[in-house]
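Residues per chain are reported as follows:
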Amino acid sequence: MATENDHVISLPLEGVESEHCALIVDKGLSKVPGIIAHKVELNNNRAVINTNGDLEVLPNAVKTIRDLGYDVDTVKKSFPVLNMSCASCASSSQSILESQPGVVHVAVNYANATAQVEYIPTITDPQKLRTALQGIGYDLMIDESEEAKESLEELHRKKFQTLKKKTIGSILLSIPVVVIGMFFMNIPFANYIMWALATPVVLIFGRQFFINAWKQTKHHSANMDTLVALSTGVAYLFSVFNTVYPQYWHSKGLHAHVYFEAASVVITFILLGKMLEERAKGNTSSAIKKLMGLQPKTVTVVNHGGHQMEMPIANVKVGDTLLVKPGEKIAVDGTVSSGNSFVDESMISGEPIPVEKKQGEKVFAGTINQKGSFQFTAEKVGGDTVLAQIIKMVQEAQGSRAPVQKLVDKIAGIFVPVVILIAVLSMIVWVILGGDNGFTQGLLAMVTVLVIACPCALGLATPTAIMAGVGKGAENGILIKDAESLELAKKVNAIILDKTGTITEGKPVVTDIIWKAEAGVPELTSLLYTIESQSEHPLAEAVTHYFKDKNVQKVALDHFESITGAGISVMYNGNSYYVGSYKMMQEKRMHIAPKLQIKADEWLREAKTVIFLADHTTALAAIAIADKVKETSVNAVKSLQQSGIEVYMLTGDNEATAKAIAAQLGIKHYKAEVLPAHKADFVKELQQQGKVVAMVGDGINDSNALAQADVSIAMGRGSDIAMDVAKMTIISSDLAKIPQAIQLSKYTVTAIRQNLFWAFIYNLIGIPIAAGILFPINGFLLNPMIAGAAMALSSVSVVSNSLRLRSKHL
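Residues numbered from 1 in each chain as written. Predicted model: local features only at pLDDT ≥ 70, side-chain atom pairs only at ≥ 80, totals over all residues. Heavy atoms only, no water.

The name given to the chain in an unreviewed UniProt entry is P-type Cu(+) transporter, with Ilyomonas limi as the source organism. Under Sequence similarities (unreviewed entry), UniProt gives the following word-for-word description of the chain: "Belongs to the cation transport ATPase (P-type) (TC 3.A.3) family. Type IB subfamily." Word for word, the UniProt comment on the chain under Catalytic activity (unreviewed entry) is "Cu(+)(in) + ATP + H2O = Cu(+)(out) + ADP + phosphate + H(+)". (UniProt positions renumbered as here; feature names shortened; annotations may be inferred.)

Draft legend 1. Up close: the packing of aromatic side chains. Applying the stated rule across the entire model yields 13 aromatic pairs. Both rings, one in Tyr582 and one in Phe612, keep their centres 6.0 Å apart while their planes meet at 40 degrees; by these two values the pair is tilted. Taken together, the residues span a long stretch of sequence, with Tyr582 in helix 21 (residues 582–587) and Phe612 in strand 24 (residues 609–614) at a distance of 30 residues. Chaining the aromatic ring pairs together yields one cluster made of Phe189, Tyr192 and Trp195. Above the plane of the ring of Tyr546 lies Lys550, whose end atom (NZ or CZ) is 4.1 Å from the centre. (Phe/Tyr/Trp six-rings, centres within 6.5 Å; stacked < 30°, edge-to-face > 60°. Helix = DSSP H or I, 4+ residues; strand = E, 2+ residues; numbered from the N terminus. Lys NZ or Arg CZ within 6 Å of the ring centre and 35° of its normal.)

Draft legend 2. Molecular detail of the pattern of salt bridges. Here the structure, examined in full by the defined rule, presents 12 salt bridges. For Glu379, the salt bridge identified is with Lys362, shortest N-O distance 3.0 Å. Residue Glu379 is located in strand 17 (residues 374–380), and its partner Lys362 is located in strand 15 (residues 362–363); the two are separated by 17 residues in the primary sequence. Take Lys362: its relative accessible area is 42%, and that puts it in the partly exposed class. A salt bridge links Asp512 to Lys608, with the shortest nitrogen-to-oxygen separation between them at 3.2 Å. (Salt bridge = Lys/Arg side-chain N within 4 Å of Asp/Glu carboxyl O. Buried < 20%, exposed > 50% of the residue type's maximum accessible area, 1.4 Å probe, protein only.)

Draft legend 3. Representation of the sheet that holds strand 10 (residues 308–312) in the model. Pairing within the open sheet is antiparallel, and its 6 strands lie in the order 10-9-11-17-12-15. Lying at the two open borders of the sheet, with one neighbouring strand each, are strand 10 and strand 15. Looking at chain direction, strand 9 (residues 298–302) and strand 11 (residues 321–324) are connected through 3 bridges and run antiparallel. Paired with Val301 across the two strands is Leu322, which belongs to strand 11. (Pairing = 2+ DSSP bridges.)

Draft legend 4. Layout of the sheet that holds strand 23 (residues 575–580). Spatially, 20-25-24-23-22-21 is the arrangement adopted by the 6 strands of the open sheet, whose pairing is antiparallel. Of all strands in the sheet, those with a lone pairing partner are strand 20 (509–515) and strand 21 (559–563), marking the two edges. Strand-to-strand twist across the sheet, computed as the mean angle between neighbouring axes with direction ignored, equals 15 degrees. When strand 23 meets strand 24, the two strands line up antiparallel, connected through 3 bridges. Among the inter-strand pairings, Val579 is bridged to a residue of strand 24, identified as Leu613. Along the sheet, helix 20 (residues 538–548) contacts strand 20, strand 24 and strand 25 (619–626); its crossing angle with strand 20, the most-contacted strand, is approximately 75 degrees. (Axes fitted to C-alpha atoms, helices over the stretch in contact; angles between N-to-C directions. Contact = heavy atoms within 4.5 Å.)

See below:
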């Protein structure tokens, strides 16, 4: 029974069109932990659930509904997050956004300062999310206009310039402080000179750390700014006290030490580290900038009277005729209407050889026209172009979170409070056991621990490597949709290749045709042409194309029926006719004349597909169709096998064709005559054997298997549905890119592991040394200035290591 403390959520449903569907969803929701009551309202297309307030309930309910084959209406958007200064800021922002009603999924990425949010639009909206974030000192940029994007770029540029000025100012003022503090402490008014020089560094150039720390404190949280503000603030105030009241320590027989140089140098090093980090982070997203740079700003539109006019790309509409001159970038996707040329598509497909474009050929935004000029009709504009989709995919992938990041986020979330505790304990231990200088040494140890323990390196370790890896993939024609698939690809030990369009060109052509008898061939040719022109099968398309130029006339059919996975049955002039595979001929117990049988066997040995035209008892003709194996497929398969991956081939073709193609490629495991529905079952079969399975396909019939596989790879020239389902897309449809994608995964995961190792080791070694653990052994105490330099260096080294991915050869 629902109580006042229950949270009621309405989920807008999609695909629930009957009482039976509603019952399935209702039953599924009953198994979701945390749901107290639930009902599915079919008339309102929604599910109403009462929850106990657990944040995991909504994502689990949405996942359950989707797993059942239905959907929930959600919106996925990426928003820039402003005012984040470290990894724990990203963690805080994510926690706040996740706690908002109606939010299904959130991924806040510190490296590119974005939040990817999936939410239910009937419950929440960007403005509510923004208000929630503003409450803890951050902000969300929800304006998606071009002007807003430009102002964000300007904001980042100004921020970098300001940071640069602050860093230079800090360096100029800190150098004399260090020189006096180390060599000229005995000059008159030394402490006052250092105080005068350190004050602008700490209170003006380092002001942001104190402001941000105060905002965090007001909301009972802490981040890197808290550590910096505490450490430098304590060192500065202690030094001011010792400068103004040195007699307090003199009366106790102690020297009044000042640490102005420590406070100013720590601020300087942290500013320097942040500046280098910002610059390096800008480099990790260079792939996006390159892709965006492919979009021209203006286009030449040809009006109906042939009049040409220049206009901004934003004003282009579907159906407009555009002129492309030699050397120009193509602005939108479309089809060539007149003229011809060669187009460089390497920026999208990764293929270096220009592609010929003549009337009827497709052209894509961002590709570069060579010497000729042509006109084309705009078909996809703005965000619908292939280039825009690629940019969106790359942005989303760079902002997504690898599974390993979840552990890092948890650590970053508790890291700052733990460090503050260690710092305070260090001081207490020093005060108790440190003798005469115990308080001073303890204070210094506390400051050093707070300075050295910045969690930035930890927070940057994974996202910078993911950004660099996804960018490197995009530059090589490998589109990676999310970080999880990039992390998982290196573990793949079994790969399933669909034959048609993946291993082969996917453009079957008729090579031979043989008739049982010469009598009636013209009429039977017309019948065969008519039957195949009504079928959507690629083999039927090959037959239709073969007869198209031979002036064959169509005939009127009385009945047409497609038999899935077998062929076609029709009625013509009161008689039954069939077009189908050898299997269909056997099932229908058709007689195949020796003349046809011998030729068919010969063609099958040559890896050709054979189909038959038959009446109700006898095969009347045999047609040989060949789908050429891509030139790169043989080497790609060899490369996969050499790296220890088992290669499987699935095809709807007959056994003889499948065997011949498999032999040609050196594939040991293959399955012939596989129906689309059974491809996903085969993926499951391999997964049950403990294999990590990658599925590569290009058609709608592959989408189930792609969804089932651990890593799904679509061929870019295939169907949109396959590309939608798959987590990776090979734009050029070249199998050789798959070993490259796996190699990229290995490089990226290695970079992540190296980054995390150094970030953890740095803190594991640095914090105890900063606390003074070596002092009883060899009298060593770490100077806060050195700690500041080490902390800055750790973040820069992590980002630099990620950037090495860009120079790797795939």
